[in-house]
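Architecture at a glance
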Amino acid sequence: MASDPKMIPQSGLLSAEANQAAALAAYGGVLTVDLDAIIANWRKLEKTAVPAECSAVIKADAYGCGAAEVARALNKAGCKTFFVATIEEARTVRAAVPDAALYVLGGYFQNTGEHYAKINCRPVIGDLNELAEWDVFCRRSGWNGGAAIHIDTGMNRLGLTLSEAQAIIPRINAGDHGITLVMSHLVSAEQLNSQINARQLAAFRAIASEFSGVPAALANSSGIFLGAPYQFDLVRPGAALYGVNPTPEADNPMQPVVDLKARIVQIRNVERGDTVGYGGTWSARRPTRLAIIAVGYADGYFRAASSNDGTRGAEVIVAGKRCPVAGRISMDLIAIDITDLPPNAARRGHMVTLIGEGITVDELAHHFGTIGYEVLTSLGHRYARIYKGGNVVEPLVKPEPLPAAEQPPSAPLPS
């Protein structure tokens, strides 16, 4: 691990560890991303899919984990193909991995060809109009960087229909077509016995076989675990790389990747019958000690995980013990009931764990009423970020850039 000196005030009187601690003290939360765990997850998926190539989906800033850092680490580990959603995301990733194959899932729009060519990335084309516009650009510019064809086999979002895909087969078989991948997307891959999976597999196998010599890709994270028939030439894991369970009907085979901690800003006592938080929906059933922590729904910790007098909400780890949320989660703060902890086990400035120490992304998703994908991609921009593993040289602490008016105070909070 290493630090970004532009983001952290340094003092010649302090050690590197002390400088880091002082920098972190200025932030209410710290998000740690384990790049070695991401690499281990990718290698497990790669092994599961052999002989198919294992790519990596790093859209949405690598599901909130940092696209440049994740791309760089996976590329060093042997990943050669990446998928993002937009050209802007592609620019970030291209700067990190200059030689990797890079696909943009969002498709091709007229007059965007130069953007693709400039950074040598490939559009995923899912419409005949897109294909025609891409052809015009390639013909006029001479660019031959390649593109993917997306075929809809049941999702009914993006993609050529099966009949449209069939209609372009003569173009493919004529050669010099510039298509480097044909792909589709599974509707319910996480459901092992879904009949939709079998129908999609049959439809895709039939049409992909007519794209002579073009590699094919169908499986996402969960699709990899449906077995070899779904894996084709390339698999496209996303959420599983970041620790989300791709097999929700069984134990999670992936390693956890993110650790999220938040700072206690106040310890306070309330009497039996007192309410806590907006709306007064939670009331103390005994004299209660609370820890107020400096994270809220603006940081991606959803209000849905609140508790009230009839419903228990999420839990966090305080001094090694699980403690429940007390009352409604607000924009910047959460109250935690720490009454059952020993005196002085938790103090102002201490950190508590929101994800980690046994609290998984999937567990938190359950409390949020959503899926792990949304938990990760909602993690806010007010955390200091620490990257560990993956042969990281820099940065160690990478706080998200803030406008000048929102920069944290120069003096650290008491710890």
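The coordinates are above.
Quick summary incoming for the structure in this document. (Residues numbered from 1 in each chain as written. Predicted model: local features only at pLDDT ≥ 70, side-chain atom pairs only at ≥ 80, totals over all residues. Heavy atoms only, no water.)

1. Details of the overall build of the chain
Rules: Only DSSP runs of H or I reaching four residues or more are called helices, and only runs of E reaching two or more are called strands; each is numbered from the N terminus. The buried label goes to any residue with under 20% of its type's maximum accessible area, the exposed label to any with over 50%, and the partly exposed label to all in between, with areas taken from a 1.4 Å probe on protein chains only. Throughout, a residue-residue contact means that at least one pair of heavy atoms, one from each residue, lies within 4.5 Å. Method for areas: the Shrake-Rupley scheme with a 1.4 Å probe, in which residue coverage is limited to the protein chains shown.
Within the chain, the secondary structure is distributed over 13 helices and 19 strands. In the chain, buried positions account for 52% of the 415 residues. Considering only contacts in the chain between residues 6 or more positions apart, those separated by 24 or more positions represent 66%. Total accessible area computed for the chain in this model is approximately 19100 Å², and 51% of it derives from carbon and sulfur atoms.

2. Things to note about the pattern of salt bridges
Using the following cut-off: By definition here, a salt bridge exists when the distance from a side-chain nitrogen of Lys or Arg to a carboxyl oxygen of Asp or Glu is within 4 Å.
Per the stated rule, a full pass over the model turns up 10 salt bridges. With a closest N to O distance of 2.3 Å, arginine 171 and aspartate 135 form a salt bridge. With arginine 171 in helix H9 (residues 169-173) and aspartate 135 in helix H7 (residues 128-141), this residue pair connects regions lying 36 residues apart in the sequence.

3. Regarding the pairing of strand S6 (residues 122-125)
What counts here: Between any two strands, pairing holds if DSSP finds at least two bridges. Whether a crossover is right-handed depends on one test, that the path from the first strand over the helix to the second runs clockwise when the strands point away from the viewer.
Where strand S5 (residues 101-104) and S6 come together, 2 bridges link them in parallel fashion. The residue of S6 that forms the bridge with valine 104 is proline 123. When S6 meets strand S7 (residues 147-150), the two strands line up parallel, connected through 2 bridges. Residue pairing for S7: isoleucine 125 is matched across the bridge by isoleucine 149. Assessed by its sense of winding, the connection that carries the chain from S6 through H7 to S7 is right-handed.

4. Considering the nonpolar core
What counts here: By nonpolar core we mean a set of buried residues, namely Ala, Val, Leu, Ile, Met, Phe, Trp, Tyr and Cys, connected to one another through side-chain atoms within 4.5 Å.
With 117 residues, the main nonpolar core has Ile58, Leu74, Phe82, Phe211, Tyr242, Tyr301 and Ile336 as its most contacted residues. Looking at this core, the element that brings in the most residues is helix H2 (residues 35-49), giving 7 residues. Leave out the neighbours within four places in its chain, and phenylalanine 211 touches Ile149, Ile151, Ala165, Ile168, Ile169, Ile172 and Val182. By size, the runner-up hydrophobic cluster in this structure holds 8 residues, among which are Val270, Trp282, Ala284 and Ile292.

5. What to know about unusual backbone geometry
Following valine 50, the chain continues into proline 51 via a peptide bond in cis, with omega recorded as 10°. With a phi angle near 50°, phenylalanine 232 is a residue other than glycine that sits in the positive phi range. On the secondary structure map, phenylalanine 232 appears in the loop between helix H11 (221-224) and strand S10 (234-235).

6. Considerations on the environment of isoleucine 317
Counting through the fold element by element, isoleucine 317 comes out in strand S15 (residues 315-318). For isoleucine 317, a relative accessible area of 4% translates into the label buried. A C-alpha to C-alpha distance of 8.4 Å links isoleucine 317 and glycine 356, two positions 39 residues apart in sequence. Here isoleucine 317 is in contact with Arg322, Val352, Thr353, Gly356, Glu357 and Ile359, once residues within four sequence places are set aside.

7. What about the packing of helix H4 (residues 67-77) against helix H5 (residues 87-96)?
Spelled out, the test is: An axis is simply a line fitted to the C-alpha atoms; with a helix, the fit covers only the stretch in contact. Between two such axes, the angle follows the N-to-C directions and lies from 0 to 180 degrees. Small angles under 35 degrees read as roughly parallel and large ones over 145 as roughly antiparallel, with 65 to 115 read as roughly perpendicular and the rest as oblique. In a left-handed crossing the near helix is turned counterclockwise from the far helix by less than a right angle, and in a right-handed crossing that turn is clockwise. Three categories are distinguished: nonpolar for Ala, Val, Leu, Ile, Met, Phe, Trp, Tyr, Cys and Pro, charged for Asp, Glu, Lys and Arg, and polar for the others, with Gly belonging to the last.
The interhelical angle for the contact between H4 and H5, taken along N-to-C directions, is 40°, at an axis separation of 8 Å. Overall, the two elements H4 and H5 adopt an arrangement that is oblique. Pair H4 / H5 crosses with right-handed handedness. Between H4 and H5, the residues in contact are Ala67, Ala68, Ala71 and Arg72 and Thr92, Val93 and Ala96, respectively. For the contact of H4 with H5, the residue count by class is 5 nonpolar, 1 polar and 1 charged.

8. Details of the pairing of strand S18 (residues 351-355)
The buried fraction of S18 amounts to 4 of the 5 residues, a majority that puts the element mostly inside the structure. The sheet contact formed by strand S11 (residues 258-270) and S18 spans 4 bridges and is antiparallel. Bridging across to S18, leucine 260 finds its partner in isoleucine 355.

9. A short note on H4
With 8 of 11 residues buried, H4 lies mostly within the body of the structure. Those residues of H4 not exposed but buried are Ala67, Ala68, Glu69, Val70, Ala71, Ala73, Leu74 and Ala77. Of the surrounding secondary structure, the elements contacted by the buried residues of H4 are H2, strand S3 (56-57), helix H3 (59-63), strand S4 (81-84), H5 and strand S19 (384-388).

10. Comments concerning the packing of aromatic side chains
Test applied: Any Phe, Tyr or Trp ring, taking Trp's six-membered ring, that has another such ring centre within 6.5 Å forms a pair; planes under 30 degrees apart are called stacked, those over 60 apart edge-to-face, and the others tilted.
Here the structure, examined in full by the defined rule, presents 8 aromatic pairs. Geometrically, the ring pair formed by tyrosine 63 and tyrosine 242 is stacked, given 4.9 Å between the ring centres and 25° between the ring planes. Of this pair, tyrosine 63 sits in helix H3 while tyrosine 242 sits in the loop between S10 and S11, placing them 179 residues apart in sequence. The buried category is assigned to tyrosine 63, whose relative accessible area is 7%. Ring geometry for phenylalanine 83 and tyrosine 103: centres 5.1 Å apart, planes at 15°, overall stacked. In this pair, phenylalanine 83 is assigned in strand S4 and tyrosine 103 in strand S5, connecting sequence segments 20 residues apart. Phenylalanine 83 sits in the buried class, given a relative accessible area of 0%.

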